[in-house]
Amino acid sequence: MHDSQNVADELDEIIADIFDIRVGKLRDEMTHEDIEQWDSINHLKLITAIEDEYDIEFSMADVQAIDSIGKLREIVARLRG
Amino acid sequence: MDIAELKTAFREIDDPAEALARLATVDFDSLKPGEISFLHRKLKRLAPAPGAKIAYLGNLTVEPLPDYVDIRAACGGLATASHVGAFGQHYQEVMNPASGLHAFAPDLILLTLSLRELAPDIAFRFSSLDGEQRAAERNRIVGHVADWLAAAKNATQATILVANFPVPAALHAGIADLNDPDGERAFYARLNLDILELCRETARATLFDLDRLVARVGTERAFSPRLTFLARREWDEHLLPAFAGELFRYLVALKGLTRKCLVLDLDNTLWGGVVGEEGPDGVKVGPGDPVGEAFLAFQHGIVALKERGVILGIASKNNPADVEEVFARRPGMPLRLEDFSAVQVNWNHKHESLKAIAASLNIGIDSLVFLDDNPVECGMVREMLPEVKVVQMPDDPALYLDCLRALPWFERLSITGEDRAKARQYLENQKRDVARETTGDLNDYLKSLGTEVIFRHPVEKDADRIHQLFTKTNQFNTTTMRYSPADVERFMTGDRFDIRVADVRDRFGELGTVGLILIDREGEVPAIDSFVMSCRAMGREIESAIVNSVKEEYLLSGRYPALECRYVPTRKNQPVAELYESQGFIVAGRDPESGAKNYRLAAENAALLPCDHIQLTKDE
């Protein structure tokens, strides 16, 4: 159902929902330093919300490796094959 | 409401009341985790005055459960605020007057404890403990909870919910555990029973049945090892909507959001099909047909609500006579017309019927929950009477019972003695009203009941019950004579009348004294004046066993040349309209106006009906 552009849009929508940030402002290089709401609790909210949306599962290593928006997008793309 | 539209609206809204009003129209179960997170953040920023303040204490990471709960409550029309205690600080929060908990002044405290923290030996090393150590650990855990509960009660005015401990998905000893008298499975059962009893014995405390909730969701889906290792957050995302839904049930009960009356449509809601088209025998409800089974189960669910103290009503577009006929001719239905306290069967709009029901019961429109299968009717009621909770039934009747049980609107924290007495009265019906309508083998079913009838002369202490049978029995009542206690005394003492009562029991237990027959011997031949049987004993041919016994005693013995009897129709005694015909009596006269019938059976024509599934014993 999700073509790749839609996936990117939906993913950004989830990130925006949880980090309280405008979709258009998201950049690959952004880290928790740049996003005020990116704390440990919201980090897990983001993970579980994305898993729920795409029916994928991050490993613990993935969860720990996600340190930027770019890294998140990359791992989601890999898990979705 | 469309979620994208809702989100757009929420970006603009600055009035907390408007935000709440919008959320009150949203189906919580349709929301995704990210959407809940978004809506929660917006709502929290608007800070509506909370109708309930909830504190979450314990030794595991509860976030983001409070977001879910706040949004669940808002979708149910209740604004909530939350306080999350520091990890593992549930004692300190309660004991320290300067704690965040005290500043927050909660209405409700939820304590959730993880045994990983509280009792790691139990959680990780169960196999290395002996029976004594396990029992000691159990006592220590219960003691910990009991001490905390006492302190929390003392320090706050809140209602306190204590979560029990979910049974683990896997046992340390594998299935061998089940043969260990001090095994892990038994440990959790005992521990949770202890916690249940502790809560039950403590005023202002109630169990939060996390164990059952987790089982409902599925233990493997409910817990996340990954989140546990990453953040001591044990609860997977899958558990949270159900958790919030369950907690909302407690809020409904605590905050008086409980609704008083369940109003039901009939066709395709209470039974399958349309009575006006299929007829009273054609609508589907009862065993022998999958759709009928589904409606049977659904009706049992409604009976359970009635026993809880929920008032039942009917709002149906139908001919009243058709509806009455269904209830009269389908005795296998768990619900009887008498179970409904307000009945609106007519061709009025449903919202008019609902208003009439509320008025007749003297309750508010906002006390009603309305169930209907028809989207147009549902939509119209929502439009005209927004205070009514309108539930459109799912397409598949298989899901009706689940739909009913999912409704939080009938929760109460306890059920009073009065409710329970009502429940007992219906319990027997529930157990037995099973296979009456079966198209399979009715005889097998009747045999399986193992019905025993004791047909006997009444004694003095039966007088009240006899009076009650005369006055309260409507369906199986051939003449519906409402005799007084003095009449009853006369029947029991003089020479003119023979009166016998029937005590019935079966493999489910005692039905009690459920029938009577009154024979007047004044005339040339004796006449059955009244034949009455409680509806709970109907449908198993007890009447044949009783009439056989009467035939033997009065006719086959050669004592009398004939026996007379009479049927007088009422609005409700349709079930016995053909009773005497079926027992071999001949109509001797008919009153065209009232429909009453006189019968006569001559001794030479008297034959016993086969009725070998009932064992009848006489007292002399």
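Our structure is the block above this text.
Residues numbered from 1 in each chain as written. Chains lettered and ligands numbered in written order. Predicted model: local features only at pLDDT ≥ 70, side-chain atom pairs only at ≥ 80, totals over all residues.

Novice: Is there a simple way to think about the overall build of chain A in this case?
Specialist: Each helix and strand counted, chain A has four helices and zero strands in total. Counting helices and strands in the order they occur from the N terminus, chain A gives α-α-α-α. Sorting the 81 residues of chain A into buried and exposed places 25% on the buried side. Restricting the contact set of chain A to residue pairs at least 6 apart, pairs at least 24 apart contribute 52%. (Helix = DSSP H or I, 4+ residues; strand = E, 2+ residues; numbered from the N terminus. Buried ≥ 20, exposed ≤ 12 C-beta atoms within 10 Å, placed from the backbone. Contact = placed C-beta atoms within 7 Å.)

Novice: Any chance you could explain helix H4 (residues 69-79) of chain A here in plain terms?
Specialist: Along an α-helix, residues three or four apart share an orientation, since each turn contains 3.6 residues. Residue and element names in this part refer to chain A. When we look at burial in H4, the residues that qualify are Ile-69, Leu-72 and Val-76. Burial along H4 is one-sided: seen end-on, the buried residues are contained in an arc of 60°. In the stretch just after H4, Gly-81 is the one whose phi turns positive, near 70°. (Arc of directions from axis to C-beta.)

Novice: Help me understand unusual backbone geometry in this model?
Specialist: In terms of backbone geometry, most residues other than glycine have negative phi values and most peptide bonds are trans. Residue Pro-64 of chain B follows Glu-63 of chain B across a cis peptide bond; omega there is 5°. Structurally, Pro-64 of chain B is set in the loop between strand S1 (52-58) and helix H4 (65-75). Its identity is not glycine, yet Asp-20 of chain A carries a phi of approximately 55°, on the positive side. Here Asp-20 of chain A shows up in the loop between helix H1 (4-19) and helix H2 (40-54). Among the residues examined, Asp-20 of chain A registers 15 C-beta atoms within 10 Å and is labelled partly exposed. We note that Thr-480 of chain B has phi near 50°; this positive angle belongs to a residue other than glycine. For Thr-480 of chain B, a count of 20 C-beta atoms within 10 Å corresponds to the buried category.

Novice: Please explain helix H17 (residues 320-329) of chain B as it appears in this structure.
Specialist: Residues and elements named next belong to chain B. Every buried residue belonging to H17 is among Val-323, Val-326 and Phe-327, and all of these are buried. Projection of H17 onto a plane perpendicular to its axis shows the buried side chains occupying an angular sector of 90°, all on one side. Along its buried surface, H17 packs onto helix H15 (275-278), strand S7 (311-317) and strand S8 (340-346).

Novice: Quick question: what am I supposed to make of the sheet that holds strand S2 (residues 80-84) of chain B here?
Specialist: Residues and elements named next belong to chain B. Across the sheet, which stays open at both edges, the five strands sit in the order S2-S1-S3-S4-S5 with parallel pairing between neighbours. Looking at which strands have only one partner, the edges of the open sheet turn out to be S2 and strand S5 (205-208). The average angle at which neighbouring strand axes cross in this sheet is 25°, direction not considered. The pairing of strand S4 (residues 159-163) with S5 spans four bridges and is classified as parallel. Following the sheet pairing, Val-162 is matched in S5 by Leu-207. (Pairing = 2+ DSSP bridges. Axes fitted to C-alpha atoms, helices over the stretch in contact; angles between N-to-C directions.)

Novice: Any chance you could explain the interface of chain A and chain B here in plain terms?
Specialist: One widely used convention gives an interface's size as the accessible area the parts lose upon coming together. In this complex, chain A contributes 14 residues to the contact, which on the side of chain B involves 16 residues. Looking at side-chain class alone, the side of chain A that touches chain B contains seven nonpolar, two polar and five charged residues. (Nonpolar A, V, L, I, M, F, W, Y, C, P; charged D, E, K, R; others polar.)

Novice: How should I be thinking about the packing of helix H18 (residues 350-361) of chain B against helix H19 (residues 375-384) of chain B in this particular structure?
Specialist: When two helices pack together, their arrangement is given by the angle between their axes and by how far apart the axes lie. All names here are of chain B. The contact between H18 and H19 brings their axes to 9 Å, and the two run at 60°. Between H18 and H19, the angle is such that the two are oblique. Packed against H18, whose contacting residues are Lys-350, His-351 and Leu-354, the element H19 presents Glu-377, Met-380, Val-381 and Met-384 at the interface. The residue makeup of the contact of H18 with H19, split by class, is four nonpolar, one polar and two charged. (Parallel < 35°, antiparallel > 145°, perpendicular 65-115°, else oblique.)

Novice: Just to check I follow, could you spell out the sheet that holds strand S10 (residues 389-392) of chain B for this structure?
Specialist: Strand pairing within a sheet occurs via backbone hydrogen bonds; the two strands may be parallel or antiparallel. All names here are of chain B. Reading across from one edge, S8-S7-S6-S9-S10 is the order of the five strands in this open sheet, with parallel pairing throughout. Strand pairing shows two members of the sheet lacking a second neighbour, S8 and S10, which therefore form its edges. When the angles between neighbouring strand axes are averaged without regard to direction, this sheet yields 20°. Where strand S6 (residues 261-264) meets strand S9 (residues 368-372), four bridges bridge the pair, whose relative direction is parallel. In the sheet register, Val-263 faces S9, and the bridge partner there is Phe-370.

Novice: When you look at the environment of Gln-344 of chain B in this model, what are you seeing that I'm missing?
Specialist: All names here are of chain B. By secondary structure assignment, the location of Gln-344 is in strand S8. For Gln-344, a count of 21 C-beta atoms within 10 Å corresponds to the buried category. As a C-alpha pair, Gln-344 and Val-263 span 81 residues in sequence and 9.7 Å in three-dimensional space. Discounting residues that sit within four places of it in the chain, Gln-344 has contacts with Ile-314, Ala-315, Ser-353, Ala-356 and Ile-357.

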